[in-house]
There are 2 protein chains.
Amino acid sequence: MRNVYMNGTFFTMDSGNRIHETGMLIEENGTIQYIGPYAADQLTEHDHIVDLKGKWVLPGLVNTHSHILMTILRGIGDDMLLKPWLTTRVFPLEAQYDTEIATISAQLGVLEMLLSGTTACSDMFNPIGIDVDAVMDAIGATGITGAISHTIFSFGSEQEQRANLQAAERFAKNYKTWADGRLTTMVAPHSTYTCSTQALVESVRIALDHKLMVHIHLAETDHEVEEIQASYGVRPVEHARRLGLFAQPTIIAHGVVLDDEERAILSACDVRVAHNPISNLKLGSGIADISKLLDRGIKVGIGTDGVASNNNFDMFEELRTAALLQKGLYKDASKLSTPQVLALATRSGAEAMGMPQTGSLEVNKHADFITIDPSNKPHLQPVREALSHLVYAVSGRDVCDVYIRGKQVVRNSHCLTIDAEKVISEANRLQRKLKW
Amino acid sequence: MRNVYMNGTFFTMDSGNRIHETGMLIEENGTIQYIGPYAADQLTEHDHIVDLKGKWVLPGLVNTHSHILMTILRGIGDDMLLKPWLTTRVFPLEAQYDTEIATISAQLGVLEMLLSGTTACSDMFNPIGIDVDAVMDAIGATGITGAISHTIFSFGSEQEQRANLQAAERFAKNYKTWADGRLTTMVAPHSTYTCSTQALVESVRIALDHKLMVHIHLAETDHEVEEIQASYGVRPVEHARRLGLFAQPTIIAHGVVLDDEERAILSACDVRVAHNPISNLKLGSGIADISKLLDRGIKVGIGTDGVASNNNFDMFEELRTAALLQKGLYKDASKLSTPQVLALATRSGAEAMGMPQTGSLEVNKHADFITIDPSNKPHLQPVREALSHLVYAVSGRDVCDVYIRGKQVVRNSHCLTIDAEKVISEANRLQRKLKW
């Protein structure tokens, strides 16, 4: 069946950032067949028509760096730097995980993402103690798209490290294409400071063998740079490059601490950057200079990181913070303009993740889109400067409907694919089992 | 009648930031009679009991710098520096104002404030072309508390400037205490770059004669500092001090561009600072180093500025941004801790505004408080780390109930004192009359 969505204002986020004020989108089999102004000649008598009058329609948001399995840890460890936060809070709590905790945590995370307008994410999870297939089943059933990646760490005995790599390779093979093709995976060495040289080299081999992207935390803090320099005599980007890490398309999370030489390497190797402005501030890592990355043509997406360092998955808040920080950093209000930052959170993020079939409303792309109804919301009034409101006034809480590949997953702010009440109740019950 | 609010988690924001998990608040005649853990012996048989089970209760938020009459201008002029934004967008649009536009704009602004949990504001409005008494009547009827101040500018002919000062003094006299004592006013010279020396001296005289606080934009941009230095040979803070501006308690908006000497002056003169982190970023002004202000014991509050440079009145987003920026600026995650920043947006903001009777839940203070119901909100789950969520995960959209002096003004996210539908419809109609 063809579904026709009409009368809304469509922010296509195509390369011209075109806006159709009384627009129309026709979807069939999950794909956009038509996007443009209302056109009576496009209609057939069998179409199912949905009236979006007064609503704003835009592509689903793309979160290029998240940790949905950490959602149950929301709010642990405020006011702590990355290193002590990881070693004294995150890792000890993750070590207590079981499959049930991981599953509920992932569902709670995706529930929040969908309700706040995110339709694609590039996620990285810690596999310790969990049956990954059960957790993946639950994620697949939510309807979200993106890449869910199995972290590689060099923790524990040699045997444990070998088992971790073997599990990662098995995962890479099994989850390259899954959930009806909505989801894929990347090879995810955690970082240069938690992975041995061997683990990084082996990660590259897995990525090459299975033709997968690489997702890694890189250049996040001054401390990391000092540590890698002390161990290997070079900064993290050069260390990664020497080990061949950028042989496959790679997305690095953070990129806060970079010099010009490193930016040149990233550009030359087509490395993409997931910018996580709120997490970078909250953990005291600093402000990533993404203006310089964009000037070099590096693909940049926006990410939230996990909610233990954010503490929500609201991509609207995240993209707004990204724009504000560049303006503040340069004391130049023209930096990262309104359409530009909205593109980072949609089209550019999708390109950075290697998913160019989503992130904008264009013919032949997936019908991944969201609606916002400003009509009874004072903070979105008057409605005239809607594009500005999408960047500077909207909250994820304002999202009304969410469609992924044409299928509605959120209706009037209620998620249709996840039992919210059960997941919330279970998340609270299971969290109490953790030694906090 | 005594109203007893019980079973919620009460974040008192008193000087010890005490939290009562199964707490109780008793209000009578708009004043808090009891706050603490549930205590059966405090109850009498005639009490009206309100069960807040599962809800979080905190003092109403205090917005120390706003421009509610500009609300109809939401979203004008993104990506512009302060000076061209003011001269090519704000002032030409404000010049077209009439009483109707000003009134609806103010009501829309207060509507958004109340719905997002703000119970007190220190506001500054441009009086050009409007019947101020009619606008004040409308603001008074909303139930909000705070100070609404009449801007003094040195624009136009000598006669116009004289008329502006006379109107400001008349306003100061009439609105020192109004709306049942809920509202007051301050003397509000716009800035050192829009006010002549004479206008600033006269502002001081009015403040002293009527025993009112002063509210002024100061030290906002590098450009301002250069301009004042070129004109007067000193930086803005010293210029203001020499003219006697700090003789009465003064709250300066912004304080972005300050050196140590200026911070010493502010501290010595008990000048308070309204920190507007989002507006300062958006207009490319920079990041105010409020850590240094706090280290000197200067009273700091949080403000949103107007929605034409923000673009909303969400104080939760604002206080979160304040905390994040200090952590990022110093690359130190311990800066501006979770309870500390929540205090800035409540108790400290109230003190900075000279309204110590609000901003915390303490006996004998006004019963100005708000509730948040996390129960069906995935982004506030699990609920255990509620204090963290209040700073890092909540949106103004999550506010459920708002009480000012014991009177409920928002119930279940609906405003009881303002006709939201009418105000929204009128705001859109009236905005179309402005030459955009």
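Residues numbered from 1 in each chain as written. Chains lettered and ligands numbered in written order. Predicted model: local features only at pLDDT ≥ 70, side-chain atom pairs only at ≥ 80, totals over all residues.

### Points about the overall build of chain A
Consideration 1: Along the backbone of chain A there are 14 helices and 20 strands.
Consideration 2: For 436 residues, the compact-globule estimate of 2.2 N^0.38 gives 22 Å, and chain A sits close to it at 21 Å.
Consideration 3: Projecting the C-alpha coordinates of chain A onto the three principal axes gives extents of approximately 65 × 45 × 40 Å.
Consideration 4: A total of 436 residues make up chain A; the buried ones form 61% of that total.
Consideration 5: Restricting to contacts in chain A with at least 6 residues of sequence separation, those with at least 24 account for 76%. (Helix = DSSP H or I, 4+ residues; strand = E, 2+ residues; numbered from the N terminus. Rg over C-alpha atoms; globule rule 2.2 N^0.38 Å. Buried ≥ 20, exposed ≤ 12 C-beta atoms within 10 Å, placed from the backbone. Contact = placed C-beta atoms within 7 Å.)

### Concerning the sheet that holds strand β19 (residues 407–411) of chain A
Residue and element names in this part refer to chain A.
Consideration 1: Strand order in the open sheet made by the 7 strands is β3-β2-β7-β17-β18-β19-β20, with mixed pairing throughout. The two strands at the open ends of the sheet, each matched to only one other strand, are β3 (19–20) and β20 (414–415).
Consideration 2: Relative to strand β17 (residues 369–372), strand β7 (residues 56–59) runs antiparallel, the two sharing 4 bridges. From the neighbouring strand, leucine 58 faces β17, where its bridge partner is isoleucine 370. (Pairing = 2+ DSSP bridges.)

### Considering the domain arrangement of chain A
Interface size, as often reported, equals the accessible area lost upon joining of the parts.
Residue and element names in this part refer to chain A.
Consideration 1: According to the domain assignment, chain A contains domain 1 (2–60 + 359–415) and domain 2 (61–352).
Consideration 2: On a C-alpha basis, the centres of domain 1 and domain 2 stand 29 Å from each other.
Consideration 3: If you look at the interface, domain 1 gives 26 residues, while domain 2 gives 31 residues.
Consideration 4: Counting residues per element, the side of domain 1 that touches domain 2 draws most heavily on helix α13 (residues 386–392), which supplies 5 residues.
Consideration 5: Its residues assigned to classes, the side of domain 1 that touches domain 2 comprises 15 nonpolar, 8 polar and 3 charged. (Domains from an automatic or database assignment. Nonpolar A, V, L, I, M, F, W, Y, C, P; charged D, E, K, R; others polar.)

### What about the packing of helix α2 (residues 99–115) of chain A against helix α3 (residues 132–140) of chain A?
All names here are of chain A.
Consideration 1: For the pair α2 and α3, interaxial distance at closest approach is 9 Å and the crossing angle is 20 degrees. As the angle between them shows, α2 and α3 are arranged roughly parallel. With respect to the hand of their crossing, α2 and α3 are arranged in right-handed fashion. Counted together, Thr99, Ala102, Thr103, Ala106, Gln107 and Val110 of α2 and Ala134, Val135, Ala138 and Ile139 of α3 form the full contact between these two elements.
Consideration 2: Looking at the contact of α2 with α3 residue by residue, the classes come out as 7 nonpolar, 3 polar and no charged. (Axes fitted to C-alpha atoms, helices over the stretch in contact; angles between N-to-C directions. Parallel < 35°, antiparallel > 145°, perpendicular 65-115°, else oblique. Left-handed = near helix turned anticlockwise from the far one by under 90°.)

### A short note on the packing of α2 of chain A against helix α14 (residues 420–431) of chain A
Residues and elements named next belong to chain A.
Consideration 1: Between α2 and α14, the least distance of the axes is 9 Å, while the angle of their chain directions is 135 degrees. The orientation of α2 with respect to α14, classified from their angle, is oblique. Relative to α14, the crossing made by α2 is left-handed. Of the residues in α14, those in contact with Glu100, Ile101, Ile104, Ser105, Gln107, Leu108 and Leu111 of α2 are Ala420, Val423, Glu426, Ala427 and Leu430.
Consideration 2: Its residues assigned to classes, the contact of α2 with α14 shows 8 nonpolar, 2 polar and 2 charged.

### A few points about the relation of the copies chain B and chain A
Consideration 1: Overlaying chain B on chain A yields an RMSD of 0.0 Å, the required transformation being a rotation through 180 degrees with an accompanying axial translation of 0.0 Å. Here the transformation between the copies is reduced to the relation of a two-fold axis.
Consideration 2: Comparing interface residues between copies, 100% of those in chain B also lie at the interface in chain A; the contact surface is shared. (Least-squares fit on C-alpha atoms with pLDDT ≥ 70 in both.)

### Some remarks on the sheet that holds strand β6 (residues 48–51) of chain A
Residue and element names in this part refer to chain A.
Consideration 1: If you trace the 4 strands from one edge of the open sheet to the other, you get β5-β4-β1-β6, paired in mixed fashion. For this open sheet the edge positions go to β5 (31–37) and β6, each flanked by a neighbour on one side alone. Recorded for the sheet is a direction-independent mean angle of 15 degrees between the axes of neighbouring strands.
Consideration 2: Sheet analysis places strand β1 (residues 2–6) next to β6, joined by 4 bridges and oriented parallel. In the sheet register, valine 4 faces β6, and the bridge partner there is isoleucine 49.

### A look at the interface of chain B and chain A
Consideration 1: The interface is formed by 57 residues belonging to chain B together with 57 residues belonging to chain A.
Consideration 2: Mapped by element, the contributors of at least two residues to the side of chain B that touches chain A are α2 (99–115), α9 (277–282), α11 (315–330), α13 (386–392) and α14 (420–431) of chain B.
Consideration 3: Looking at the side of chain B that touches chain A residue by residue, the classes come out as 23 nonpolar, 20 polar and 14 charged.

### Thoughts on unusual backbone geometry
Consideration 1: At the junction of glutamine 381 of chain A and proline 382 of chain A, the peptide bond is cis and its omega measures out at -15 degrees in the coordinates.
Consideration 2: For aspartate 305 of chain B, which is not a glycine, the phi torsion comes out positive at approximately 65 degrees.
Consideration 3: Note on placement: aspartate 305 of chain B falls in the loop between β16 (300–302) and α11.
Consideration 4: Residue class for aspartate 305 of chain B comes out buried when judged on the 28 C-beta atoms lying within 10 Å of it.

### A closer look at the pairing of strand β8 (residues 61–66) of chain B
Residue and element names in this part refer to chain B.
Consideration 1: Of all the 6 residues making up β8, 6 are buried; the element is thus mostly covered by neighbouring parts of the structure.
Consideration 2: Bridge count between β8 and strand β9 (residues 118–125): 4 bridges; the pairing is parallel. Its bridge partner being in β9, asparagine 63 is matched across the sheet by cysteine 121.

### Description of helix α8 (residues 260–268) of chain A
Residues and elements named next belong to chain A.
Consideration 1: Listing the buried residues of α8 in full gives Glu262, Arg263 and Leu266. Taken around the axis of α8, the buried residues stretch over an arc of 100 degrees, which confines them to a single face. Set apart from the buried face of α8 by more than 90 degrees, the exposed residues are Asp260, Glu261 and Ala268.
Consideration 2: In this structure, the buried side of α8 is in contact with α7 (236–242) and α10 (290–295).
Consideration 3: In the segment just after α8, aspartate 270 is the residue with positive phi, at about 50 degrees. (Arc of directions from axis to C-beta.)

### Re the pairing of strand β14 (residues 250–254) of chain B
Residues and elements named next belong to chain B.
Consideration 1: For β14, the buried fraction is high: 5 of the 5 residues fall into the buried class.
Consideration 2: When strand β13 (residues 214–218) meets β14, the two strands line up parallel, connected through 5 bridges. The partner of histidine 217 across the bridge, within β14, is alanine 253.
Consideration 3: With helix α8 (residues 260–268) bridging β14 and its parallel neighbour strand β15 (residues 272–275), the resulting β-α-β unit is right-handed. (Right-handed = clockwise from strand over helix to strand, strands pointing away.)

### Looking at the environment of serine 149 of chain A
Residues and elements named next belong to chain A.
Consideration 1: Residue placement: serine 149 occurs in strand β10 (residues 145–152).
Consideration 2: Using a count of 26 C-beta atoms within 10 Å as the deciding quantity, one classes serine 149 as buried.
Consideration 3: The sequence separation of serine 149 and alanine 188 amounts to 39 residues, and the corresponding C-alpha distance is 5.9 Å.
Consideration 4: Serine 149 has contacts with Asp123, Met124, Thr185, Met186, Ala188 and His215, leaving out every residue within four places of it along the chain.

### Observations concerning the environment of leucine 43 of chain A
Residue and element names in this part refer to chain A.
Consideration 1: For leucine 43, the location among the structural elements is in the loop between β5 and β6.
Consideration 2: Residue leucine 43 is classed as partly exposed on the basis of its C-beta count, with 16 C-beta atoms lying within 10 Å.
Consideration 3: Through-space distance from the C-alpha of leucine 43 to that of leucine 108 is 39 Å; in sequence the pair is 65 residues apart.

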